[in-house]
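# Working through the structure, step by step
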Amino acid sequence: MNAIHFFRKSTMKVPSRVLSLRNASFLGFARSFNPSVFERKLCCKKKDFLLNFNQVTQSHHACPFRFLCFQRIVNDAQKLRCLPSSSFVQSRAVSGPYDVSTEARVASTVRGLSTRGNDIHVTPLVVGGNVAVAEGENNVKKNGVSAKSEVEKEAWRLLKDAVVTYCGSPVGTVAANNPGDKQPLNYDQVFIRDFVPSALAFLLRGEGEIVENFLLHTLQLQSWEKTVDCYSPGQGLMPASFKVRTVPLEDNKFEEVLDPDFGESAIGRVAPVDSGLWWIILLRAYGKITGDYSLQERVDVQTGIRLILNLCLADGFDMFPSLLVTDGSCMIDRRMGIHGHPLEIQALFCSALRCSREILTANGSSKNLVSAINNRLSALSFHVREYCWVDMKKVNEIYRYKTEEYSMDATNKFNIYPEQIPSWLMDWIPEKGGYLLGNLQPAHMDFRFFTLGNLWSIVSSLGTPKQNEAILNLIEAKWDDIAGHMPFKICYPALENEEWRIITGSDPKNTPWSYHNGGSWPTLLWQFTLACIKMGRLELAQKAVSLAEKRLSIDRWPEYYDTRRGKFIGKQSRLYQTWTIAGFLTSKMMVENPQMASLLYWEEDYELLDICVCALNKSGRKNCSRGAAKSQILV
């Protein structure tokens, strides 16, 4: 049904806020409307829902206002979703980045409708989680995964206590669940980044409902109105977190609302770049572990993936294939001098691109997008492997760099001055081993070892097989520095003295060897375990898990540890931190059942090594140094 025809024939009074939506293309109009400020809250009745699922699935006309009871048919199973019916979204394609059709705009906009008072009400999601749970129970018995120790039993109890429900269904876990915390700040919210280890723990246990709910609800939050100082970021941004709030209505009634945070309330007001990347990674993991790929095939889910990719793949001023982001836009969400091209974002970006290539439905509209993904993956892999790798040989090469080289064949392409090599690196880097730089920009190399970025480079195969092996060799050789009493340092070494004051802005929480500045984060355990299993180093993972198991329960599952060796609980560390608990459980299950871990990482894609965007250039210009450098890459 044409949208204009629908509103002309409908007797329903359309709320004024719907007509003044920023994404006015939903109604077939040009996007020239002034954006109205409306509440970003997804609502549902707490006691009785406006729509009955069974009635709606029996008849398309079950609801008197057809606009309110949108539904979609996926794999012959009707699921009530607050999105248009299939007849509603069938409209002509419009021009946009990578051939995103009107269907994408429709799905995106309807997810953004505010729902309060007499406006459009959103019915809670009804998902088929029971089947997934039943299958998971069989998998638990089959794979022999069970809570054996008292520490594991306590961890499972705490993880389940942290579950957040929305309209009676589980939708995520809070960041921390310490009953004694009088000022939870935003730790009582569900973070996309933090929920990933919780989701994997539930999936590996065979409980998929909470993960499906989480993926679909966060998808609905994707395109909601978000502003800072009357400015809105690009469409497709995923929120950093959301909170379920209970709002009183008339006649002593209540409704639950989802209130997302896109960074407008965060410290530093920085938008989360990694949220959308983690969402795609988790979507792929859900399909791999459960075997249920119908969720990935939904039109709204496919649209969500495209919007994230369009935001990440958009052309800009940057000359590098790595993703340019601001400081504080990832796990290190405070000022720590990682602005530019932090390794963590590049590794997650690589994973998200590879996930999307697997998940995207093959059709005419996705052909250009897949081509763009392949080209970006090829360029990104080459760039990181060639220019971000550091070992003893590379350090000596940088030590002898000539500067001010102006040519296409320059050795020192980024004009790095040898004086940037820190004194600690000379004695610290082992003879056998190496790692990927934390950041690379013109005249700047960040030589700190960032654990998450290096571990995820192994998992995503952003590094070469030899580089991946060398990273684990370095961690093993420098175990006391990176693991110490509690695995693992988020970065090494810490910024101290005047360097700390200048780079962090004298951040009192990021003091040396604390929090993001060299603190030890137990949640990194599951990613280390995954990397070790991929590289056949299971004994190294077991060593780390055993080390953490001895302390986490006794220390009440802290968020992070302080000091150079991670000996003390962090001075401002939250206790009963959910992703600490979930990271431990996920690690235990992967160690006990390594074959399941193989579903979560990527092997080397040798075809990408042969793809070069410059070779596809119609102008035929030979201005690419890739040919000369390719022989030096360790495959």
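Here the structure is a predicted model, which means the values were calculated and not measured.

Residue position: Lys402 is located in the loop between helix H15 (392-399) and helix H16 (423-428). Among the residues examined, Lys402 registers a relative accessible area of 65% and is labelled exposed. Taking the C-alpha atoms as reference points, Lys402 and Asn412, separated by ten residues in sequence, lie 6.7 Å from one another.

This paragraph deals with the packing of aromatic side chains. Taken as a whole, this structure holds 23 aromatic pairs when the rule is applied. Between Phe488 and Phe528, the aromatic rings sit 4.4 Å apart at their centres with planes inclined by 45°, giving tilted as the arrangement. With Phe488 in the loop between helix H19 (479-482) and strand E14 (491-492) and Phe528 in helix H21 (residues 525-534), the pair connects residues that are 40 residues apart, well separated along the chain. Like Phe488, the residue Phe528 is buried in the burial classification.

Between two packed helices, the angle of one axis relative to the other and the distance separating the axes together describe the packing. Taken N-terminus to C-terminus, the directions of helix H10 (residues 274-290) and helix H12 (residues 299-313) make an angle of 140°; their axes are 10 Å apart at the nearest point. Taken together, the axis directions place H10 and H12 in an arrangement best described as oblique. For the element pair H10 and H12, the recorded crossing hand is left-handed. Judged by residue contacts, Gly276, Leu277, Trp279, Ile280 and Leu283 of H10 engage Val301, Ile305, Ile308 and Cys312 from H12. Looking at the contact of H10 with H12 residue by residue, the classes come out as eight nonpolar, one polar and no charged.

Ranked by internal contacts, the top residues of the largest apolar core, which has 159 residues, are Trp279, Ile475, Phe488 and Phe528. Beyond its immediate stretch of four places on either side in the chain, Ile475 contacts Phe449, Leu455, Ile482, Phe488 and Phe528.

The next thing to look at is unusual backbone geometry. Pro487 connects to Phe488 through a cis peptide bond whose omega is -5°. Cis geometry marks the peptide bond from Tyr492 to Pro493, where omega comes out at -5°. Residue placement: Pro493 occurs in the loop between E14 and helix H20 (497-504). One non-glycine residue, Leu185, adopts positive backbone phi at about 50°. Along the chain, the position of Leu185 falls in the loop between strand E5 (169-173) and strand E6 (190-191). Taking the relative accessible area as the measure of exposure, Leu185 reaches 63% and is therefore exposed. If you check the backbone angles, Asn497 has positive phi at about 55° while not being a glycine. In this structure, Asn497 sits in helix H20. The class of Asn497 is exposed, set by a relative accessible area of 59%.

Reading guide: rules and limits
- Residues numbered from 1 in each chain as written.
- Predicted model: local features only at pLDDT ≥ 70, side-chain atom pairs only at ≥ 80, totals over all residues.
- Heavy atoms only, no water.
- Helix = DSSP H or I, 4+ residues; strand = E, 2+ residues; numbered from the N terminus.
- Buried < 20%, exposed > 50% of the residue type's maximum accessible area, 1.4 Å probe, protein only.
- Phe/Tyr/Trp six-rings, centres within 6.5 Å; stacked < 30°, edge-to-face > 60°.
- Axes fitted to C-alpha atoms, helices over the stretch in contact; angles between N-to-C directions.
- Parallel < 35°, antiparallel > 145°, perpendicular 65-115°, else oblique.
- Left-handed = near helix turned anticlockwise from the far one by under 90°.
- Contact = heavy atoms within 4.5 Å.
- Nonpolar A, V, L, I, M, F, W, Y, C, P; charged D, E, K, R; others polar.
- Core = buried A, V, L, I, M, F, W, Y, C linked by side-chain atoms within 4.5 Å.

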